[in-house]
Amino acid sequence: MRLGSGTFAACCVVIQVLGVALFLRGFFPAPIRSSSRTEHQAEPPAPEPSAGDRSNWTKLPPPLFRKVVIMLIDGLRDDFVFGSKGVKFMPYTTYLVEKGASHSFVAEAKLPTVTMPRIKAMMTGSLPGFIDVVRNLNSPALVEDNVITQAKAAGKRIIFYGDETWVKLFPKHFVEYDGTTSFFVSDYTEVDNNVTRHLDKVLKRGDWDVLILHYLGLDHIGHVSGPSSPLIGHKLREMDSVLMKIHTSLLSEERETLVPNLLVLCGDHGMSEAGGHGASSMEELNTALILISSAFERKPGDIRRPKHVQQTDLAATLAIGLGLPIPGNSVGSLLFPTVEGRPVREQLRFLHLNAVQLSKLLQENVPSYTKEPGFEQFKMSERLHGNWIRLYLEENNSEVLFNLGAKVRRQYLEALRTLSLSLSRQVAQYDIYSMLVGTVMVLEVLVLLLLSMPQALSNKAELEVPLWSPVFSLLFYLVFLVLSALHVIVCTSAESSCYFCGLSWLTAGGVMALISALLCAVVSALAKVFADGRLLRKNPAHPKARWSELDVLILLGTLGHVLSLGASSFIEEEHQTCSDHKAELSVLAALSLFVIFVLVQRRCSLTSKVAMALGLLGVYCYRAAIGNVLFPWQRDSKDISKGVIEARFVHVFVLGILFTGTKDLLKSQVIAADFTIKTVGLWEIYSGLVLLAALLFRPHNLPVLVLSLLIQTLMTKFIWKPLRHDAAEITIMHYWFGQAFFYFQGNSNNIATVDVSAGFVGLDTYMEVPAAFLTAFATFAGPVLWASHLVSFLSSETRRGPAAKRSLHRPEGLLTRWPCPVLPQEAPSGSTCGSALSHACFCYALTCSFPVSAYIILVTSLRHHLFIWSVFSPKLLYEGMHVLITAAICVFFTAMDQTNTKS
C-alpha cells in the first residue's frame with residue numbers, strides 16, 4: 001500500500017507516543033509499600049522489649065493531645081516565617097517561635113514539590129512517586145495506610161476546609177468539609193475567605209477531634225506575581241491573624257479541660273524566585289513547620305533555632321500525638337522534641353514503636369535487611385531497652401537507670417535516622433519490563449523512519465508500506481510467539497508488580513502483534529535498502545550523494561543535542577544553550593504589541609486585521625487590569641482586578657480570527673476557489689495563535705514573541721526564498737527555532753518554570769479542559785507557532801505562479817538528493833514532485849524521534865544516578881509531552897497536505 005510521507009510519519013509518531021507512554025509508566029515507579037497493613041486492618045502494637053518473665057506494655061500509649069488543628073498554608077517556604085518577612089508580617093507567629101511553647105522546624109519536602117504528593121507524604125509518611133506530579137491534576141482516592149484513615153477508624157471526628165485535593169484523597173473521611181478549587185490561581189482572596197468563614201463557628205464547638213485547614217492564597221499569589229510581590233506581605237499578615245485566633249481559642253478551651261491541644265502550622269512546599277514550584281531548589285524544598293502546644297515547656301531565655309527535619313516525619317509525630325498506630329508505609333521518624341517532656345518510659349515506648357514499624361518496612365522491601373546498619377542499631381537498641389525495663393520494674397531509681405535510659409534514647413534516635421535513610425534510598429522499584437517494551441516500540445519506529453528516508457523524501461513524497469505481507473509472513477508469527485512466551489514467563493515469575501503484566505491478555509497481545517509487525521516492516525525496509533545498494537553498485541551511472549555544508553551543520557547540531565542529554569549539567573542548563581520598573585515595562589509591552597500587529601496583519605483579511613488590532617489592545621487592557629502594566633493616566637496600580645472581562649474580550653477575537661481562517665480553508669475545498677483563499681486562511685489561523693500567545697505571555701515575554709515573528713519574517717524574505725532551500729532543510733530550521741524559543745520564553749527542563757497562571761486567563765472558575773489547554777499552549781507556544789508558520793509558508797510557496805520559476809543551481813547533498821524543492825515548478829522536467837508538507841511532516845517526526853529515543857535509553861542506564869529525580873526525570877516528562885505535541889503537529893501537517901492534494 002502506498003502512503004504519503006506525511007501520513008506515514010504521523011502514524012509512526014502516534015505509535016511512538018504509545019511507546020513513550022508505556023516507558024513513562026514503567027520508569028516512574030510505585031513507592032515502597034508495606035504488605036502487613038491495609039486500610040481496614042491494623043496489626044496489634046508491638047509490646048515493649050521483653051524483660052524476663054515480668055509483664056510489659058502491650059497497648060498503644062494514650063493520646064498526648066485532646067485536639068489537633070493542622071493549618072497548612074500552601075507555598076509557605078521557611079523564610080516566610082523564620083526570615084525577615086516573618087518578623088515584619090507575622091508578629092504573633094514570630095513571638096511563638098522565639099518565646100512561646102512551641103517547637104520550630106525547617107521541613108524538607110522531596111520531589112516532586114507539588115501539592116498532592118506532599119499531602120500524601122505528610123499523612124502517610126511515605127515518599128510518593130514522581131509520577132504524582134501528573135496525578136496532581138486529578139487526585140485519586142488514597143488507599144494506603146495514613147493518619148486520616150487511622151483517626152477515622154479510631155472514632156475521631158475530622159473536619160476539613162480548604163483545598164479540595166484532601167476531599168479527593170480522603171473521601172467519606174470527614175464529618176464536615178468545604179472544598180475549594182486549588183487550580184484557579186488567579187483567585188487569592190475568596191479561596192481563603194471560604195476557609196476562614198467557618199472558623200468562628202467550628203472553634204466554639206466541641207464535637208470534633210481533628211481540624212484541617214488548607215489555605216491556598218499564598219501559593220496563588222506566588223504563581224501570579226512571585227514571592228517578592230507586595231501581596232505576599234498582606235497574605236502573611238492575614239495568615240498570622242488566623243493563627244492567633246485558632247491558638248487563642250485552643251488555650252481558652254484548655255483552661256476548662258486541663259488537657260493540652262496541638263496546633264500545627266506547616267507548608268506543603270515552598271516556591272521558587274519566579275513563584276512556581278515542582279523542582280528541587282532550596283526555596284521549593286524547605287518549608288516551615290511549627291508545633292504549638294502548652295505541653296511544650298519552655299524556660300525563660302530558652303532560645304531555639306529551627307531544626308532541619310524531613311516532611312515525612314510529621315506522619316509519625318501526628319500518629320503518636322493522637323494515640324494511633326504509625327502508618328505502615330511511613331519512612332519518617334518521630335519528632336522527638338514533642339515527647340521529650342514525657343516520662344522516660346513513655347519516651348522509649350514511642351521510639352520503640354517507631355523503630356519496629358521502620359524495621360518491618362525494611363524487612364519487606366530490602367532482601368538483605370539484616371546487613372543494614374539501621375537494623376543492627378535497632379536490635380542493639382531493643383536489647384538495651386529490655387535491660388532498662390528490667391531495672392525500671394525493679395524500682396531502681398539510681399543514676400545507673402538514668403544514664404542507661406539516656407543511652408537507649410540516643411541509640412534509638414540513631415537507629416531511626418539510619419533506618420529512615422535506608423528506606424528513603426530504597427524508595428522506588430523500576431518496572432523494567434514495561435520500560436523495555438516501550439523502548440523497543442520507540443526504537444523500532446526510529447529505525448523505520450531512518451530506513452524510509454529515501455522513499456519518503458523522494459520527489460513523489462510517497463513510499464510503499466507493506467501492511468499485509470509482514471502480518472502473513474512466517475517471521476511475524478515466530479516473533480509473535482516468542483514475545484508471547486516471554487510475556488507469560490516474565491509475568492508469572494515477576495516478584496514485583498508490573499504494569500504491562502497487569503493489562504488484559506487481549507491488550508498485551510495487541511502490543512506484541514504491533515511490535516512484531518514493526519519488526520517485520522523494519523526487516524523489509526532493510527532488505528530493500530541492501531537491494532537498492534547492490535543496484536547502485538551495478539549501475540554506476542547514478543551519482544553518489546554528497547554532503548553539503550548545510551547537511552553537515554544539521555547533522556552535527558542534531559547529534560550534539562542528543563549527546564548533551566547524557567550530562568545532568570547540560571539538562572539543567574539547556575535553556576542557557578538555547579538561549580522592574582512598571583513604567584518601562586508598560587512602554588515595552590505597548591511597543592511590542594504594536595510591532596506584533598505590524599508583522600502579523602500584512603497577510604490577513606480586513607476583518608482579521610481589525611480583530612487583531614482590537615485583540616492586542618485588549619491584551620494591554622488585561623495586563624493593566626491585573627496590575628502588570630500601567631495606562632498613561634495611571635500613577636500606580638491600586639485598582640487591581642482579575643481581568644476576567646478584558647481577557648474574555650481578547651478570547652472572543654482569538655476565536656473570531658481562528659473561525660475566519662477555518663472558514664477560508666473550508667471554502668477553498670468546497671467550492672474549489674482560488675488558492676489564495678487557502679493561504680490566507682492558514683495565515684489567519686497562525687495569527688490567531690499569535691494573538692493567544694500575546695495574551696498568555698507575561699509582559700516581559702512579549703519582546704521574545706516579537707523577536708520570534710521578526711526572525712520568521714527575515715528568514716522568509718532573505719534566506720528561504722532567495723537561497724531556494726528545500727522543504728527538509730526549512731523544516732529542520734523551523735524545528736530548531738521552535739525549540740530555541742521554547743527556552744527563550746523562560747522555560748527550562750524544570751517543572752517549576754511552567755506558568756500555571758496562564759491556564760486561568762479569562763476564567764472565573766476552574767474548568768479542567770480549558771485550563772489544561774491554555775497552560776500547555778503557553779508552555780509550548782514556541783514550537784507550536786513555528787510549526788504553524790511552517791505550514792503556512794510551505795503551503796503558500798508550493799502554489800506560487802510562474803513568476804517564481806527559476807532554475808536550481810545547487811550541489812546535490814544528503815538532504816537535496818531526494819526532496820523536491822519548495823517550488824514544484826522548479827522540479828526537473830519529467831518528474832513528479834509531491835507536496836512539501838509531506839516532506840516537512842516526515843522530517844519533523846524524524847528529528848523529534850532522535851532525542852526521545854536516545855533519552856529513554858540514557859535514563860534507563862542512569863536510573864540509579866544521584867540526580868535521576870531532580871534532573872533527568874523532569875526532562876523525561878518534557879520529552880514525553882514534546883512527542884505528544886509533535887504527533888498533533890504531524891496530524892495537522894497531514895490534514896493540510898490532503899487539502900493541498902484535493903485543491
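Residues numbered from 1 in each chain as written. Predicted model: local features only at pLDDT ≥ 70, side-chain atom pairs only at ≥ 80, totals over all residues. Heavy atoms only, no water.

Tallying secondary structure elements over the chain gives 35 helices and 10 strands in all. When burial is assessed residue by residue, the chain has 56% of its 903 residues classed as buried. Just so you have it, the chain exposes about 38,800 Å², and 62% of that area is on carbon and sulfur atoms. (Helix = DSSP H or I, 4+ residues; strand = E, 2+ residues; numbered from the N terminus. Buried < 20%, exposed > 50% of the residue type's maximum accessible area, 1.4 Å probe, protein only. Areas by Shrake-Rupley, 256 points an atom, 1.4 Å probe, with all protein chains shown as cover.)

End to end, helix α20 (residues 474-493) covers 29 Å across 20 residues, agreeing with the expected 28 Å (1.5 Å per residue, within 8%). Of the positions making up α20, those classed as buried are Phe476, Val479, Leu483 and His487. All buried residues of α20 fall inside an arc of 75° around its axis, so they share one side. Facing away from the buried side of α20 by more than 90 degrees, the exposed set consists of Leu474, Leu481 and Thr492. (Expected span 1.5 Å × (residues − 1). Arc of directions from axis to C-beta.)

So, on to the packing of helix α18 (residues 432-451) against helix α34 (residues 836-861). At their nearest, the axes of α18 and α34 sit 9 Å apart, and the two run at 145° to each other. Note that α18 runs across α34; the crossing there is left-handed. The residues of α34 that touch α18, namely those facing Met435, Thr439, Val442, Leu443, Leu446, Leu449 and Leu450, are Phe842, Ala845, Leu846, Ser849, Phe850, Val852, Ser853, Ile856, Ile857 and Thr860. (Axes fitted to C-alpha atoms, helices over the stretch in contact; angles between N-to-C directions. Left-handed = near helix turned anticlockwise from the far one by under 90°. Contact = heavy atoms within 4.5 Å.)

Let us now look at the packing of aromatic side chains. Counted under the stated rule, the structure contains 26 aromatic pairs. Aromatic pair Trp720 and Phe793: ring centres 5.6 Å apart, planes at 55°, arrangement tilted. Here Trp720 is found in helix α30 (residues 702-720), whereas its partner Phe793 is found in helix α33 (residues 781-797), with 73 residues between them in sequence. Accessibility assignment for this pair places Trp720 and Phe793 in one class, buried. Through successive ring pairs, a cluster of aromatic residues spans Phe160, Trp166, Phe170 and Phe174. Between Lys67 and the ring centre of Trp208, over which it is positioned, the NZ or CZ distance is 4.1 Å. (Phe/Tyr/Trp six-rings, centres within 6.5 Å; stacked < 30°, edge-to-face > 60°. Lys NZ or Arg CZ within 6 Å of the ring centre and 35° of its normal.)

This paragraph deals with the sheet that holds strand β4 (residues 158-163). Reading across the sheet, the 8 strands line up as β5-β4-β6-β2-β7-β8-β3-β9 and stay open at both edges, with mixed pairing between neighbours. Looking along the sheet, the strands with just one partner apiece sit at the ends: β5 (176-180) and β9 (307-310). Sheet twist, expressed as the average angle between the axes of neighbouring strands with direction ignored, equals 15°. The pairing of strand β2 (residues 68-73) with strand β7 (residues 262-266) spans 5 bridges and is parallel. From the neighbouring strand, Leu72 faces β7, where its bridge partner is Cys266. (Pairing = 2+ DSSP bridges.)

As a further point, take the packing of helix α26 (residues 582-600) against helix α27 (residues 606-625). One can describe the packing of α26 onto α27 by two numbers: an axis separation of 10 Å at closest approach and a directional angle of 165°. Classed by the angle they form, the pair α26 and α27 counts as roughly antiparallel. For the pair α26 and α27, the crossing hand works out as right-handed. Contacts between α26 and α27 involve Ser586, Ala589, Ala590, Leu593, Ile596, Phe597 and Val600 from the former and Lys609, Met612, Ala613, Leu616, Val619 and Tyr620 from the latter. For the contact of α26 with α27, a count of residues per class yields 11 nonpolar, 1 polar and 1 charged. (Parallel < 35°, antiparallel > 145°, perpendicular 65-115°, else oblique. Nonpolar A, V, L, I, M, F, W, Y, C, P; charged D, E, K, R; others polar.)

This part covers the pattern of salt bridges. All told, the structure shown has 18 salt bridges when counted by the stated rule. When the shortest N-O distance is used, the salt bridge between Glu414 and Arg417 registers 2.8 Å. In this pair, Glu414 and Arg417 are both assigned in helix α17 (residues 399-425), 3 residues apart and thus about one turn of the helix distant. A relative accessible area of 33% means that Glu414 is categorised as partly exposed. Taking relative accessible area as the criterion, Arg417 reaches 47% and is therefore assigned partly exposed. Taken together, the salt bridges that share partners define one network made up of Arg66, Lys67 and Glu253. (Salt bridge = Lys/Arg side-chain N within 4 Å of Asp/Glu carboxyl O.)

Okay, the nonpolar core next. Formed by 136 residues in total, the largest nonpolar core has its most connected members in Phe27, Phe500, Ile596, Leu691, Phe842 and Leu876. When residues of this core are assigned to their parent elements, the largest contribution, 14 residues, is made by α34. Look past the residues within four positions of Phe842 in its chain and what remains in contact with it is Ser5, Phe8, Ala9, Leu449, Ser452, Met453, Ala456 and Leu457. Within the second largest apolar cluster, 70 residues are counted, among which are Phe174, Phe296, Leu318 and Val366. (Core = buried A, V, L, I, M, F, W, Y, C linked by side-chain atoms within 4.5 Å.)

Moving on to unusual backbone geometry. Look at Lys172: it is not a glycine, yet its phi comes out positive at around 65°. Looking at where Lys172 falls in the secondary structure, it is placed in the loop between α8 (165-169) and β5. Classification of Lys172 as exposed rests on a relative accessible area of 79%. Not every positive phi belongs to a glycine, and Leu258 is a case in point at roughly 60°. Within the element layout of this structure, Leu258 appears in the loop between α12 (230-257) and β7.

What follows deals with the pairing of β4. By the criterion of burial, β4 is predominantly enclosed, with 6 of the 6 residues buried. One ladder, built from 5 bridges, connects β4 with β5; its direction is parallel. The residue of β5 that forms the bridge with Ile159 is Glu176.

Time to look at helix α15 (residues 344-365). Taking 1.5 Å of rise per residue, the 22 residues of α15 would be expected to cover 32 Å, and the 32 Å separating its terminal C-alpha atoms lies within 8% of that figure. The buried fraction of α15 amounts to 18 of the 22 residues, a majority that puts the element mostly inside the structure.

It is worth spelling out the state of the cysteines at this point. According to the stated counting rule, one finds 1 disulfide in the structure shown. A sulfur-sulfur separation of 2.1 Å characterises the disulfide bridge that pairs Cys491 with Cys501. Here Cys491 and Cys501 share a disulfide; its torsion about the S-S bond, -85°, makes the bridge left-handed. Taken together, the residues Cys491 in helix α20 and Cys501 in helix α21 (residues 499-502) connect sequence positions 10 residues apart. For Cys491, a relative accessible area of 22% translates into the label partly exposed. Relative accessible area serves as the criterion here: at 21%, Cys501 is assigned to the partly exposed category. (Disulfide = S-S within 2.5 Å.)

What follows concerns a nonpolar patch on the surface. A cluster of nonpolar residues, Leu606, Val610, Leu614, Leu617 and Phe649, forms a patch on the protein surface that exposes about 480 Å² of accessible area. You can see Phe649 is positioned in helix α28 (residues 644-670). The exposure class assigned to Phe649 is partly exposed, which follows from its relative accessible area of 38%. (Patch = residues over 30% accessible without salt bridge, like charges linked within 9 Å, V, L, I, M, F, W, Y side chains within 5 Å.)

The subject of this paragraph is the environment of Met122. Within the secondary structure, Met122 is located in helix α5 (residues 115-124). Beyond its immediate chain neighbours, meaning those up to four positions away, Met122 contacts Leu72, Cys266, Gly267, Asp268, Gln311, Leu314 and Ala315.

Moving on, we get to empty space enclosed by the protein. The volume enclosed by the second largest cavity comes to roughly 90 Å³. If you list the elements that add at least two residues to the lining of the second largest cavity, you get α31 (727-744) and α35 (868-902). Of all the elements, α35 adds the most residues to the lining of the second largest cavity, at 4 residues. Class assignment of the residues belonging to the lining of the second largest cavity gives a composition of 4 nonpolar, 3 polar and 2 charged. (1 Å grid on protein atoms, 1.4 Å probe; cavity = no way out; pocket = protein on both sides within 12 Å on 5 of 7 lines; lining within 4 Å. Points joined across faces, edges and corners; volume = space filled by probe spheres on them.)

Let us now look at the confidence of the model for the chain. Put simply, the chain has an average pLDDT of 83, and 83% of its residues get 70 or more. A low-confidence stretch, residues 801-834 stays under pLDDT 50, and its non-local contacts, those more than four residues away or across chains, total 78 contacts. (pLDDT = per-residue confidence, 0-100.)

The buried fraction of strand β6 (residues 210-215) amounts to 6 of the 6 residues, a majority that puts the element mostly inside the structure. Side chains of β6 alternate between two faces, with Val210, Ile212 and His214 and Leu211, Leu213 and Tyr215 buried alike. As judged from the 6 bridges shared by β2 and β6, these two strands associate in the parallel manner. Bridge pairing links Ile70 to Ile212 in β6.

It is worth spelling out the environment of Phe402 at this point. Examined against the element boundaries, Phe402 turns out to sit in helix α17. Judged by its relative accessible area of 59%, Phe402 is exposed. Phe402 sits 14 residues away from Trp388 along the chain, and the two C-alpha atoms are 9.1 Å apart.

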